[in-house]
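# A structural walkthrough
The residues making up each chain are set out below.
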Amino acid sequence: QVQLVESGGGLVQPGGSLRLSCAASGSLLSINVMGWYRQAPGNERELVATITTGSMTNYADSVKGRFTISRDNVKNTVYLQMNSLKPEDTAVYYCQALIRRLTGEFTDYWGQGTQVTVSS
């Protein structure tokens, strides 16, 4: 069984910073792309950022220059450093990982979500 466990969400004032972490654990062979998505009330889930095994990154236009995604391939962990946070960044943030299981098959896994609230 493979699990993604997130941490680091919370309440922060506009202009503040938060760092999210997501660790993959369980029976896995390797992890391909990892990413962060978010969903605000009444909205669809949207891409925030992704990172490949070779650390190539992709960001939503709305977070470019403010958010940084990184990963530690030894710890099977992906991070999202969020700076200059705005009220419109308020959402539940989900990590995602494309994982190769022991069977050799690739499967998308999702974390349970962590709430980020930006408010004064």
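Description of the structure in this document. These numbers come from a predicted model, not from an experiment.

### Quick notes on the overall build of the chain
Assigned secondary structure in the chain consists of 0 helices and 11 strands. When the elements of the chain are put in sequence order from the N terminus, they spell out β-β-β-β-β-β-β-β-β-β-β. Taking 120 residues into account, the globule formula puts the C-alpha radius of gyration at 14 Å, and the chain, at 14 Å, falls close to it. Projecting the C-alpha coordinates of the chain onto the three principal axes gives extents of approximately 50 × 25 × 25 Å. Sorting the 120 residues of the chain into buried and exposed places 41% on the buried side. Summarising the internal contacts of the chain: among those between residues at least 6 apart in sequence, 54% fall at separations of at least 24. Carbon and sulfur atoms make up 47% of the accessible area of the chain, which amounts to about 6300 Å² in all. Taking the 10 positively charged and 9 negatively charged side chains of the chain as two groups, their mean positions are separated by 6 Å.

### Comments concerning the state of the cysteines
With the rule as written, the count across this model stands at 1 disulfide. Between the sulfur atoms of Cys22 and its disulfide mate Cys95 the distance is 2.0 Å. Separated by 73 residues along the polypeptide, Cys22 in strand 3 (residues 18-26) and Cys95 in strand 9 (residues 91-101) bring together distant segments of the chain. Taking relative accessible area as the criterion, Cys22 reaches 1% and is therefore assigned buried. The class for Cys95 is buried, based on a relative accessible area of 0%.

### With respect to the nonpolar core
In terms of nonpolar packing, the biggest core is built from 32 residues, with Trp36, Leu80, Met82, Tyr93 and Ile99 touching the most fellow members. Counting only elements with at least two residues in this core, the list comes to strand 1 (2-7), strand 3, strand 4 (28-39), strand 5 (46-51), strand 7 (67-72), strand 8 (77-82), strand 9 and strand 11 (114-118). When residues of this core are assigned to their parent elements, the largest contribution, 5 residues, is made by strand 9.

### As for the sheet that holds strand 8
Sheet strands pair by backbone hydrogen bonding; their relative direction is either parallel or antiparallel. Across the sheet, which stays open at both edges, the 4 strands sit in the order 1-3-8-7 with antiparallel pairing between neighbours. Looking at the sheet topology across the chains shown, the edges are occupied by strand 1 and strand 7. Averaged over all adjacent pairs, the angle separating strand axes in this sheet is 15 degrees, with direction ignored.

### Things to note about the pairing of strand 3
Here strand 1 runs beside strand 3; their pairing, made up of 6 bridges, is antiparallel. Bridge pairing in strand 3 links Ser7 to Ser21. Sheet topology note: the strand 3/strand 8 ladder contains 6 bridges and is antiparallel. The residue bridging Ser21 from the neighbouring strand is Tyr79, located in strand 8.

Quick notes on the rules
Each chain carries its own residue numbering, running from 1 in the written order of its sequence. Residues qualify for local features only when their pLDDT is at least 70, as the model is predicted, and side-chain atom pairs are given and counted only at 80 or more; totals for whole chains, interfaces and linings, by contrast, use all residues. Note that water and hydrogens are dropped before the side-chain values are worked out from all heavy atoms of the structure. Numbering of helices and strands runs from the N terminus; a helix is a DSSP stretch of H or I covering at least four residues, while a strand is a stretch of E covering at least two. Atoms considered for the radius of gyration are the C-alpha atoms alone. The globule rule reads 2.2 Å times the number of residues to the power 0.38. For the exposure calls, accessible area comes from a 1.4 Å probe over protein chains only, and a residue counts as buried if that area is under 20% of its type's maximum, exposed if over 50%, partly exposed in between. The contact rule is simple, with two residues in contact once any of their heavy atoms fall within 4.5 Å. Surface accessibility in these figures is a Shrake-Rupley result with a 1.4 Å probe; residues are shielded only by whichever protein chains are displayed. Charged-residue counts in this description rest on Lys and Arg as positive and Asp and Glu as negative, His and the chain ends being excluded. Charged side chains are reduced to one point each, which is NZ for Lys, CZ for Arg, CG for Asp and CD for Glu. Disulfide assignment relies on a single distance test, namely cysteine sulfur atoms paired within 2.5 Å. Think of a nonpolar core as a cluster: buried Ala, Val, Leu, Ile, Met, Phe, Trp, Tyr and Cys residues, connected wherever their side-chain atoms sit within 4.5 Å. Strands qualify as paired when DSSP identifies two bridges or more between them. Axis definition: a line fit to C-alpha positions, over the contact stretch in the case of helices; interaxial angles, taken between N-to-C directions, run 0 to 180 degrees.

Everything listed is a geometric property; what it means functionally is a separate question.
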